[in-house]
Amino acid sequence: MPLPLLLSLSMALLTVGIYAIATARHASCSRRVYSVALAISGVALILVLTHLLTASAPATLTLPLSLPWLGAHFRLDALSAFFLIVVNLGGAVASLFALGYGQHERAPERVLPFFPAFLAGMNLVLLADDAFTFLFAWEFMSLTSWALVMAHHQESANARAGYLYLVMACFGTLTLLLAFGMMAGPNGGYDFAAIRAGEMTPGLAAVVLILALLGAGSKAGLVPLHVWLPLAHPAAPSHVSALMSGVMTKVAVYGFIRIVFDLLGEPMAWWWGGLVLALGGITAVLGVLYALMQHDLKRLLAYHTVENIGIIFIGLGLALAFQANHMYASAALALTAALFHILNHSLFKSLLFLGTGAVLTATGERDMERLGGLIHPMPWTALAFLMGAAAISALPPLNGFVSEWLTFQAILLTPELPQWLLKFLAPAVGALLALSAALAAACFVKAFGITFLGRPRSPAATQAQETDRYSLVAMFTLAALCLLAGILPGLVVDSLAPVVGLLNGGAQLATQHTQPWLTLAPIVDAKSAYNGLLVLLFMALSGTAAALLIHRFASSASRRGPAWDCGFPDASPATQYTAGSFAQPIRRVFGSIVFQARERVTMPPPGDGRPARLEVQLRDPVWDYGYAPITMAVIAASTRANHLQYLTIRRYLSLVFGALVVLLLGMALWR
Amino acid sequence: MALITDFLVQGGQMLLILLLAPLLTGWVRTLKAQLLRRRGPSLLQPYRDLLKLLRKEVVLAESASWLFRVAPYLIFAAIWVAAALVPTFASGLMFNWTADLIAIVALLGTARFFLALAGLDVGTSFGGIGSSREMMIASLAEPAMLMMVFTLSLLAGATELTTVARFMLAADVGLRVSLALALLALLIVAIAENARIPVDNPATHLELTMVHEAMVLEYSGRHLALIELAASLKLLLYISLIGCIFAPWGMATAGAGLPAYFIGVAAYLGKLALGGFLLALFETSIAKMRVFRVDQFLGVALMLGLLGALLLFVSRSL
């Protein structure tokens, strides 16, 4: 009976939202709302976990709501159960974090009502089983998250971010609406069961694929539809940023998977996989390159979401390519990799955003150039953030490595594909994936190193204090899950098996937890195997042994002194490497091509006391070549259309007459 | 009984590489000195240096954090584990399947991540310059290395090193264009990753182009000893890796018995000596590169790796 319970939990979340409208100005309201949200998400998490782990049969429910001839259909199957885990885990941890963090909120009445409603919206998207309910919940989720983005709307940057988000969300929903309309066909079979049963022509299915890619991709942040994401995600309060980046993008990916893998059924042409694969590869590399150029910690993380969405879509594209060629065993590996990365990204991205929230509370800053040395006042936050940074950089033995490893293993199976274009595309995408992993490590050395290490660069960073206990528990829960998923990947892969089976015509990976020493061996263990547990064990043993032996037999003495710095110690913290200078070599190597990065040094003549200036100019290719022409065209067209407002009555009448004639002519020709 | 022997062989290999690593560094240094017509230090000098550093007290900078003190142990552990997972004198040891080649590359990435962080920890300009350049180099070297792994795994059908080594030992591999490209890519990556001329200069301390030495500038005493040892282990790892993949001759299989192991060890020592000699020869015959030439040098490796993989996608016989 988990489905009615889950629905009532979502309703309960909505009720909490309404309650918050009434009492938001009350001091204790914040704590009450977040603790109820935590409890509800926790119960929902347990429900869906048991559903997925016991591999229960799908449950369905129809309520006499929404459109009178349709009714609201709901369904809980393995796919929605998996994504519900992601959503409710993220929701529970964000609520726990907000128990402490929410106390510092300047405008609680703008956050508290929408936070539980946002959670409810995401839950409902995943449970929906007809197009109307799906789109309704999708729009509800978009609108509540938009309201949260606009929580601090007095800042002009936030207002702009909110506007852009609204435009992109409308565009995304429009494409999804068209996609569902095409799938439903002329008879209007809008419930998913009817869509699944229906037959589609390959041409129509391809259009649906592209529409789904546009609709879900714009919400998930697929290049070139990502432009709103790095502006909107950072604008919200940090625990909401964590939800938007870590969880809502996954709901978007769910929309894509549900439409393309489930509703459309078998991919009808091989180029579907190629398209998704290429988009994923480009998104991964561009996302991380954008991130490297950022100095704003939250925006850097948001761009990394774009990168990770790219990695997820690489896995999905491979799965489509394999399925189109009936290679279901390989498709199972690619799907497992994508789903595993979805889980992983929700864990470490939420963790990193929460860590940023802690930094923001402690210092009021999110510009890295004004932080530094936070590891001294905030050692625990630093440790949690470090684990998240290591996990997202795909370092063993943490979880990010496992899913990227699985993706690599899936790419290594592509020579079996018969199509030449895919054969060439796959290694190129492999190179892009490797590049993005290496650049991500560089980016997180920068993010952690400049923020937490070194010496404080501003008074705010000097006076920082460790964050509260709720926030720490929330962050360490996620950090522990990152470690566990990294060292026990076999268990995760096994629990993903029903989801993979559902999307892949029953084919799934071999059972992993029976492997000796809990090794992960997705194909055959002589071909490729990875054991995170043993790697961790060996590292811990050799590191500890070295430490003990050295301290026992050699020396354990240490003394503090001024920094050596090759004999030129510099007193001012301003002489440290900054985020900008750290990224300079990479900007020079990659940015000069991708962003047309230009550096200009203005050196005053000798004797002139003015400081020298270094100006860096970056151009965003997506904005310059994609959006700017569209905006220009819209502005030009609306300026033209503006003349229509100042016509005489005669001209209006003749316009109406002309339009009528054209329409009638059109009708006549159409017949 | 077999289990205990397996354990012993695996443990023996771990100790062997740990003990051999400084000797290899000393061997390269001595050869380089002699190629320059200097007498050079004794072969055992690196051991003496390490022992001396281990016994000295650590001077920590005032702004150093706990990460700075933990990082050397972490770096050492990650590199030692990675090096221990590369088959040296025998393949198919007890734990060789723990991590395949991709995981070994990633383990080296873990070590590099923490070394770069340690470089930033004290908050000096030299540390920052080293970290920033190291990550720039790595962002090209790591993909090049992974493309090399792709090439190998397309040929051998596995990323597991033991399987790759056995495949390479089989007679029907022959000479292949893709393997030559992969070898070249791996050599370039090895030079860059080990901070060797022309990418970096391991012998300099006061030069603005230095990378690795700039990151470890603030380290002293036992911490420095561990980092030096880890650097030696990394050099050994790369030479073992090249030996294991491209010259697996003489390597014993697990459980082959003592005589085979002795042959394996002798062959391994020979490979190390030869690798060290070639490295010294190469380093003395070339000049250090400007930092912003390094990306072109490594870009070549990346393209070679990609080309090797693409050739195999075109035809399995290339």
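In this convention, every chain numbers its residues from 1, walking through the sequence in written order. As a convention, the first chain written is A and the first ligand written is 1, with the rest following in written order. Local features in this predicted model are restricted to residues whose pLDDT is 70 or higher, and side-chain atom pairs enter the listing and the counts only when it is 80 or higher, whereas totals over whole chains, interfaces and linings include all residues.

## Overview of the overall build of chain B
Here a helix means four or more residues in a row that DSSP labels H or I, a strand means two or more in a row labelled E, and each is numbered from the N terminus. Assigned secondary structure in chain B consists of eleven helices and three strands. In sequence order, the secondary structure elements of chain B are arranged as α-α-β-α-β-α-α-α-α-α-α-β-α-α. Radius of gyration means the value over C-alpha atoms here, while the globule rule gives 2.2 Å times the residue count to the 0.38 power. A compact globule built from 318 residues would reach a C-alpha radius of gyration of about 20 Å, and chain B, at 19 Å, matches this within 12%. With respect to the three principal axes, the spread of C-alpha positions in chain B is 60 × 50 × 45 Å. Around each residue's C-beta, the other C-beta atoms within 10 Å are counted; 20 or more make the residue buried, 12 or fewer make it exposed, and counts in between make it partly exposed. All C-beta atoms are placed from the backbone. Across the 318 residues of chain B, 61% fall into the buried class. Here the analysis covers contacts within chain B between residues at least 6 apart in sequence; of these, 80% occur between residues at least 24 apart. Two residues qualify as being in contact provided that their C-beta atoms, derived from the backbone, are within 7 Å of each other.

## Quick look at the overall build of chain A
Scanning chain A from terminus to terminus reveals 24 helices and five strands. Computed over its C-alpha atoms, the radius of gyration of chain A comes to 26 Å, within 12% of the 26 Å expected for a compact globule of 671 residues. Sorting the 671 residues of chain A into buried and exposed places 56% on the buried side. A separation threshold of at least 6 residues defines the contact pool for chain A, and within that pool the share at least 24 residues apart is 79%.

## A short note on the interface of chain A and chain B
On the side of chain B, 74 residues touch chain A, which itself brings 73 residues to the contact. Every element with two or more residues in the side of chain A that touches chain B is listed here: helix H15 (379-392), helix H16 (399-411), helix H17 (420-452), helix H21 (532-554), strand E3 (558-561) and helix H22 (579-594) of chain A. Broken down by element, the residue count for the side of chain A that touches chain B peaks at 14 residues, all from H17 of chain A. Each residue receives one of three labels: charged for Asp, Glu, Lys and Arg, nonpolar for Ala, Val, Leu, Ile, Met, Phe, Trp, Tyr, Cys and Pro, and polar for the others, Gly being one of them. Among the residues forming the side of chain A that touches chain B, the class breakdown is 45 nonpolar, 19 polar and nine charged. Note on pairing: DSSP must find at least two bridges between two strands before they are called paired. Sheet topology note: the E3 of chain A/strand E1 (residues 58-61) of chain B ladder contains four bridges and is parallel.

## Brief notes about the packing of helix H1 (residues 2-35) of chain B against helix H3 (residues 66-84) of chain B
Residues and elements named next belong to chain B. With their axes 9 Å apart at the nearest point, H1 and H3 run at an angle of 120 degrees to one another. Between H1 and H3, the angle is such that the two are oblique. Our pair here, H1 against H3, has a crossing hand that is right-handed. The segment H1 lies against H3, with Gln13, Met14, Ile17 and Leu18 engaging Trp80, Ala83 and Ala84. The residue makeup of the contact of H1 with H3, split by class, is six nonpolar, one polar and no charged. The axes used here are C-alpha line fits, helices contributing only the stretch in contact, and every angle between their N-to-C directions lies in the interval 0 to 180 degrees. For classification purposes, an angle smaller than 35 degrees is called roughly parallel, one larger than 145 roughly antiparallel, one from 65 to 115 roughly perpendicular, and anything else oblique. Crossings are assigned a handedness: left-handed for a near helix turned anticlockwise from the far helix by less than a right angle, right-handed for a clockwise turn.

## Brief notes about H3 of chain B
All names here are of chain B. Residue count minus one, scaled by 1.5 Å, sets the expected span of a helix. With 19 residues, H3 extends 27 Å between its outermost C-alpha atoms, agreeing within 8% with the 27 Å of an ideal straight helix rising 1.5 Å per residue. Note that the bend at a residue is defined as the angle between axes fitted to the seven residues ending at it and the seven residues starting at it. Of all the bends in H3, the greatest, near 25 degrees, is centred on Pro72. Buried residues dominate H3, accounting for 16 of its 19 residues.

## Focus on unusual backbone geometry
Here the bond from Val223 of chain A into Pro224 of chain A is cis, since omega is 5 degrees, no more than 30 degrees from zero. Tracing the sequence through the fold places Pro224 of chain A in the loop between helix H9 (202-220) and helix H10 (229-235). Between Pro396 of chain A and the following residue, Pro397 of chain A, the backbone shows a cis peptide bond with an omega angle of 5 degrees. Considering the arrangement of structural elements, one finds Pro397 of chain A in the loop between H15 and H16. At His326 of chain A, a residue that is not glycine, the phi angle is positive and equals roughly 60 degrees. Assignment of secondary structure puts His326 of chain A in the loop between helix H13 (297-324) and helix H14 (328-363). In this model, Ala195 of chain B sits at a positive phi of 55 degrees, which is unusual for a non-glycine residue. You can see Ala195 of chain B is positioned in the loop between helix H7 (177-193) and helix H8 (212-215).

## A short note on the packing of H14 of chain A against H15 of chain A
All names here are of chain A. One can describe the packing of H14 onto H15 by two numbers: an axis separation of 9 Å at closest approach and a directional angle of 145 degrees. In the crossing of H14 with H15, the sense of the turn from one axis to the other is left-handed. Contact residues: H14 offers Phe348, Leu351, Leu352, Gly355 and Ala358, while H15 offers Thr381, Ala384, Phe385, Gly388, Ala389, Ala391 and Ile392. For the contact of H14 with H15, a count of residues per class yields nine nonpolar, three polar and no charged.

## A look at the domain arrangement of chain A
You can read the domains of chain A as domain 1 (269-295 + 307-542) and domain 2 (621-670). Where each domain starts and ends follows an automatic or database-derived domain assignment. Between domain 1 of chain A and domain 2 of chain A, the C-alpha centre-to-centre distance is 48 Å.

## Quick look at the environment of Ala252 of chain A
All names here are of chain A. Relative to the assigned elements, Ala252 resides in helix H11 (residues 238-263). Taking the C-alpha atoms as reference points, Ala252 and Gly221, 31 residues apart in sequence, are found 9.0 Å from one another. Not counting chain neighbours up to four residues away, the residues in contact with Ala252 comprise Ala216, Lys219 and Ala220.

## As for helix H3 (residues 78-101) of chain A
Taking 1.5 Å per residue as the helical rise, H3 of chain A with its 24 residues ought to reach 34 Å, and the 34 Å between its terminal C-alpha atoms agrees with that figure. When you tally the buried positions in H3 of chain A, you get 24 out of 24 residues, the bulk of the element.

## Side note on the pairing of strand E5 (residues 613-617) of chain A
Residues and elements named next belong to chain A. Here E5 lies mainly on the outside; zero of its five residues are buried. Direction of pairing for strand E4 (residues 598-602) relative to E5: antiparallel, over a ladder of five bridges. By the bridge assignment for E5, Val601 is matched with Leu614.

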